[in-house]
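Residue-level structure breakdown
Letter by letter, the chains look like this.
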Amino acid sequence: MTMEPILLRARGVKNSRTLGSYLKRGGYKALAKAIAMDPEEVIDEVKASGVRGRGGAGFPAGVKWSFVPKDLAKPTYMICNADESEPGTFKDRELILVDPHMVLEGIAIASYAIDAHTAYIYIRGEFVRETEILVKAISEARRKRYLGSDILGSGYELEIHIHRGAGAYICGEETALIESIEGKRGLPRLKPPFPAVVGVFGCPTVVNNVETLACVPHIIERGGAWFAAIGTERSTGTKLFCVSGHVERPGVYEAPMGTTFREIIEEFCGGVRGGRELKAFIPGGSSAPILPADRIDTPADFESVAEAGSMLGSGGVIVMDDTVDMVWALENLLTFYAHESCGQCTPCREGSDWALDVVRRIRRGQGRTKDIETLQRIARFASQGMTICPLGDAFCLPITSFLEHFGGEFEEAIAGAEQSVSTHLPVLPVRSDQALFEAEEVGR
Amino acid sequence: MTEAGTLPLTVATVEVVEEPTFDDFMESEIKRILKRYPDHGAALLPVLWLCQERWGWISAGIMRAVGQRLDLSPAFVEGVASFYTMYLLRPPGKYLLQVCTTLSCQLCGTSGIVDHLKEKLGIDFGETTKDGRFTLVDVQCLGACGEAPVVQINNDYYTNLTEKCLDEILDGLGE
Ligand SMILES: Cc1cc2nc3c(=O)[nH]c(=O)nc-3n(C[C@H](O)[C@H](O)[C@H](O)COP(=O)(O)O)c2cc1C
Ligand code: SF4
Ligand code: FES
């Protein structure tokens, strides 16, 4: 299904980042409209649109905004999450590069709706050029009174500040992000209390993803019902799909929710690179369970992807052709999680390292029969509420899904190893393997 | 400079400073940063960035000075600085080559680039060339997976890399 792009409509437009260009395509009209409305009405419109969080969890944005307590003596804060560190995800960067004012307008409307006068954009530290673009856009908007002390003559005041991260995946998690803004290590907090009640500086805070906020001006301008009519019944609007890996034309594509992965991979991206066979794809960023090629007709919306056994997540589609060794791919992903675990919870800190060690030794031809069971046990211990934040699940879901769909490759690698071990090769310890074997015996 | 944020310098110059002091420019930046937050502790990350832009890395002396300026203990500052991988606690070479080694980049041939870089520069990950020009590090997903393989050199992304174009980029970097 092809349609007019909404979020990416400025792609290819000359000087699309400038305020002048943004105004030419109707920019900041939605902000003027919102400010003339009651904040409650703005929230209702966003609720009516059904727009769900694009950062991974898919929580309805309007509902989240309505959780902010009213009439507290404390200020409220708006945070735009531009940390974008989930492997396979690169859409927020695209939005900032193409249309930064659209993101700012979304932040401004959201801030108005929750009565915030300060908003922070938390942007990952590596995005230096993107930070410069936002800095420039903010000062342009301030000069013309789309931001600042008296927005469009309404008396509403909002300052947007940029807070740069400094290289920590976990700071994409909203409570770790809040800690990081407060100047601390990015350690996730226990929830509840949720940020909408106790967030940054102890005040009510709403955290939304860049793409979620980019939808907001369009919703206000054209109405919640218009947005809700796009996509599926429960996954409304368009979604940015970031396709990477083995496709002919990787990149960011905008399509209505419910577009099938076949359309995304074969039509938008020109199919698997070099005409090879599709082996598997990860539909929603590296934390989402991997799906085998035969699920390619799954529609890309929150419900359908869940039914197919995975998650729509951030919309990062990683495509793998028939040359990919799945033991190698899992090792790569676990390297990421072992590196990024913040270390607060034992199951996540130890489990991610341990699982990596096990997969690594399987790939090096030193696997053991019990290894698959061990991996499954680690996954049981570190997921489903055993940890403070969902990073525990994020590294376990790849493990269980790789084993479910491609367990044969792991078994083969282990069987090969057992044979060679019994005939001639000694078992060489890999890293801290010796201690790990002991731990495995104790855990039994 | 604007209200919203500090514009990063293009290339960090690496200096060894035992007893760093904040000059007028830095002091005015710090004041500006402090105004963005209701709590002075929140200025820690931006002030560390400011220092890294000024001196090229975060030495123990810098951590002490930052702690003093923001009324935070040196241990706290070190705890925070060491949590975030982008604060360089050791002086890097003039060009910091950060190679993304996460899945999408690996699927598109990063390992060839890594081998090539290691051989060309004669260093391994985490090392700096003897002439102090290049430091090579492996990093996790840089959020540009559609243009894999990706290498970040100081503040810029270089994408869709091949060994050949990487050579041209490195040769064009200047002394
Ligand atoms: C480990 C982890 C990493 C995350 N990284 C990001 C991220 O990089 N960007 C993002 O927008 N949300 C990320 N999230 C989700 C946020 O916690 C939060 O749900 C989201 O920013 C809320 O915005 P939304 O409702 O608009 O999606 C992450 C969550 C977890 C558990
Ligand atoms: S689950 Fe992992 S990343 Fe999340 S708080 Fe616990 S240790 Fe940290
Ligand atoms: S995997 Fe390399 S940029 Fe994302």
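In this text, all values refer to a predicted model and were calculated from it rather than measured experimentally.

**Notes on the overall build of chain A**
Along chain A, the regular secondary structure elements total 17 helices and nine strands. Considering only C-alpha atoms, chain A reaches an extent of 80 × 50 × 35 Å along its principal axes. Buried positions account for 56% of the 444 residues belonging to chain A. When contacts within chain A are restricted to residue pairs at least 6 apart in sequence, long-range pairs at least 24 apart make up 71% of them.

**Things to note about the interface of chain B and chain A**
Taken together, the contacts link 37 residues of chain B with 51 residues of chain A. At the level of secondary structure, the elements contributing two or more residues to the side of chain B that touches chain A comprise helix 2 (44-55), helix 4 (74-83) and helix 5 (103-107) of chain B. Within the side of chain B that touches chain A, the residues separate by chemical class into 22 nonpolar, 13 polar and two charged.

**A look at the domain arrangement of chain B**
Domain boundaries assigned for chain B yield domain 1 (1-91) and domain 2 (95-171). One C-alpha centre belongs to domain 1 of chain B, the other to domain 2 of chain B, and the line joining them spans 27 Å.

**Describing the pairing of strand 4 (residues 205-209) of chain A**
A regular strand places its side chains on the two faces of the sheet in alternate fashion. Residue and element names in this part refer to chain A. Judged by how many residues are buried, strand 4 sits mostly within the fold: five of five residues are covered. The two faces of strand 4 match: Thr-205, Val-207 and Asn-209 on one face and Val-206 and Asn-208 on the other face are all buried. Note: strand 1 (residues 76-82) against strand 4, five bridges, orientation parallel. Across the sheet, Tyr-77 pairs through a bridge with Thr-205, a residue of strand 4.

**Focus on the site of ligand 2**
Residue and element names in this part refer to chain A. The environment of ligand 2 is formed by 14 residues, the closest being Cys-342, Cys-345, Cys-348, Thr-387 and Cys-389. Of all the elements in the fold, those that place two or more residues in the shell around ligand 2 are helix 14 (346-363) and helix 16 (391-423). Looking at side-chain class alone, the shell around ligand 2 contains eight nonpolar, five polar and one charged residues.

**Some thoughts on helix 9 (residues 210-222) of chain A**
Residues and elements named next belong to chain A. Taking burial as the measure, the 13 residues of helix 9 include 11 buried ones, the bulk of the element. Taken together, the buried positions of helix 9 are occupied by Val-210, Glu-211, Thr-212, Leu-213, Ala-214, Cys-215, Val-216, Pro-217, His-218, Ile-219 and Ile-220. Positive backbone phi, approximately 100 degrees, marks Gly-223, located one or two places after helix 9.

**As for the sheet that holds strand 2 (residues 116-123) of chain A**
Hydrogen bonds between backbone atoms are what pair the strands of a sheet, whose relative direction is either parallel or antiparallel. Residue and element names in this part refer to chain A. The strand order across the open sheet formed by four strands is 3-2-1-4, and the pairing between neighbours is parallel. Strands with a single pairing partner mark the edges of an open sheet, and in this sheet they are strand 3 (159-164) and strand 4. Strand-to-strand twist in this sheet, taken as the mean axis angle between neighbours without regard to direction, amounts to 20 degrees. In the packing of helix 7 (residues 128-143) onto the sheet, the strands contacted are strand 2 and strand 3, and the crossing angle to strand 3 comes to about 165 degrees.

**What about the site of ligand 1?**
Residue and element names in this part refer to chain A. In the vicinity of ligand 1 lie 24 residues, with Gly-53, Gly-55, Gly-172, Asn-209 and Thr-212 positioned nearest. Secondary-structure elements contributing two or more residues to the shell around ligand 1 are strand 4 and helix 16. Here the shell around ligand 1 takes three residues from strand 4, the largest share from any one element. The residue makeup of the shell around ligand 1, split by class, is nine nonpolar, nine polar and six charged. Summarising the domain contributions, the shell around ligand 1 has at least three residues from each of domain 1 (19-228) and domain 3 (326-443).

**Let's talk about the packing of helix 2 (residues 29-36) of chain A against helix 9 of chain A**
How two helices sit against one another is set out by the angle between their axes and by the gap between those axes. All names here are of chain A. Where helix 2 contacts helix 9, the two axes come as close as 8 Å, and the packing angle between them is 65 degrees. Between helix 2 and helix 9 lies a crossing of left-handed hand. On helix 9, the residues touching Lys-29, Ala-30, Lys-33 and Ala-34 of helix 2 are Pro-217, Ile-220 and Glu-221. For the contact of helix 2 with helix 9, the class distribution of residues is four nonpolar, no polar and three charged.

**What to know about the pairing of strand 3 of chain A**
Residues and elements named next belong to chain A. As judged from the six bridges shared by strand 2 and strand 3, these two strands associate in the parallel manner. In the sheet register, Ala-119 faces strand 3, and the bridge partner there is Ile-160. Following the chain from strand 2 across helix 7 to the adjacent parallel strand 3, one finds a crossover that is right-handed.

**Here we look at the sheet that holds strand 3 (residues 134-139) of chain B**
All names here are of chain B. Taken in spatial order, the five strands line up as 2-3-1-4-5 in an open sheet, and their pairing is mixed. Only two strands of the sheet have a single partner each, and these edge strands are strand 2 (127-128) and strand 5 (156-158). Sheet strands in contact with helix 6 (residues 110-121) are strand 1 (95-100) and strand 3, and its direction is about 150 degrees off that of strand 1.

**A closer look at the environment of Phe67(A)**
Residue and element names in this part refer to chain A. For Phe-67, the position within the fold is in the loop between helix 4 (61-66) and strand 1. A residue is classified by how many C-beta atoms lie within 10 Å of it, and Phe-67, with 13 of them, is partly exposed. Sequence spacing of Phe-67 and Ala-108 is 41 residues, and the spatial spacing of their C-alpha atoms is 18 Å.

**Comments concerning the domain arrangement of chain A**
In terms of domains, chain A is made up of domain 1 (19-228), domain 2 (238-321) and domain 3 (326-443). A breakdown of the residues in the side of domain 2 of chain A that touches domain 3 of chain A according to their chemical character gives six nonpolar, two polar and no charged.

**Let's talk about the packing of helix 14 of chain A against helix 15 (residues 371-382) of chain A**
Residue and element names in this part refer to chain A. One can describe the packing of helix 14 onto helix 15 by two numbers: an axis separation of 10 Å at closest approach and a directional angle of 160 degrees. Comparing their axes, helix 15 and helix 14 come out roughly antiparallel. Judged by the sense of rotation from one axis to the other, the crossing of helix 14 with helix 15 is left-handed. Along its contact with helix 14, which presents Pro-347, Cys-348, Gly-351, Trp-354, Ala-355, Val-358 and Ile-362, the element helix 15 presents Asp-371, Thr-374, Leu-375, Ile-378, Phe-381 and Ala-382. Tallied by class, residues from the contact of helix 14 with helix 15 come to 10 nonpolar, two polar and one charged.

**Re the nonpolar core**
Residue and element names in this part refer to chain A. In terms of nonpolar packing, the biggest core is built from 192 residues, with Ile-79, Ile-109, Ile-264 and Phe-281 touching the most fellow members. A per-element tally of this core places helix 16 first, with 12 residues. Apart from the residues lying within four places of it in its own chain, the contact partners of Ile-109 are Ala-30, Leu-31, Ala-34, Val-42, Val-216, Pro-217 and Ile-220.

**So, helix 5 (residues 91-98) of chain A**
Most of helix 5 of chain A sits out of view: seven of its eight residues are buried. Every buried residue of helix 5 of chain A is listed here: Lys91(A), Asp92(A), Arg93(A), Glu94(A), Leu95(A), Ile96(A) and Val98(A).

**Describing the environment of Leu173(B)**
Locating Leu173(B) in the fold gives a position in the segment after helix 7 (163-171). Here the alpha-carbon distance between Leu173(B) and Asp124(B), two residues 49 residues apart in the chain, equals 20 Å.

**A look at unusual backbone geometry**
All names here are of chain A. Of the consecutive residues Lys-191 and Pro-192, the connecting peptide bond is found in the cis state with omega at -10 degrees. Checked against the element boundaries, Pro-192 lands in the loop between helix 8 (174-181) and strand 4. The step from Pro-192 to Pro-193 runs through a cis peptide bond, and the omega angle for that step is 0 degrees. For Arg-145, which is not glycine, the phi dihedral falls at a positive 65 degrees. Turning to its location among the elements, Arg-145 is positioned in the loop between helix 7 and strand 3.

Cut-offs used in this document
Residues numbered from 1 in each chain as written. Chains lettered and ligands numbered in written order. Predicted model: local features only at pLDDT ≥ 70, side-chain atom pairs only at ≥ 80, totals over all residues. Helix = DSSP H or I, 4+ residues; strand = E, 2+ residues; numbered from the N terminus. Buried ≥ 20, exposed ≤ 12 C-beta atoms within 10 Å, placed from the backbone. Contact = placed C-beta atoms within 7 Å. Nonpolar A, V, L, I, M, F, W, Y, C, P; charged D, E, K, R; others polar. Domains from an automatic or database assignment. Pairing = 2+ DSSP bridges. Near = placed C-beta within 6 Å. Axes fitted to C-alpha atoms, helices over the stretch in contact; angles between N-to-C directions. Left-handed = near helix turned anticlockwise from the far one by under 90°. Right-handed = clockwise from strand over helix to strand, strands pointing away. Parallel < 35°, antiparallel > 145°, perpendicular 65-115°, else oblique. Core = buried A, V, L, I, M, F, W, Y, C linked by C-beta atoms within 7 Å.

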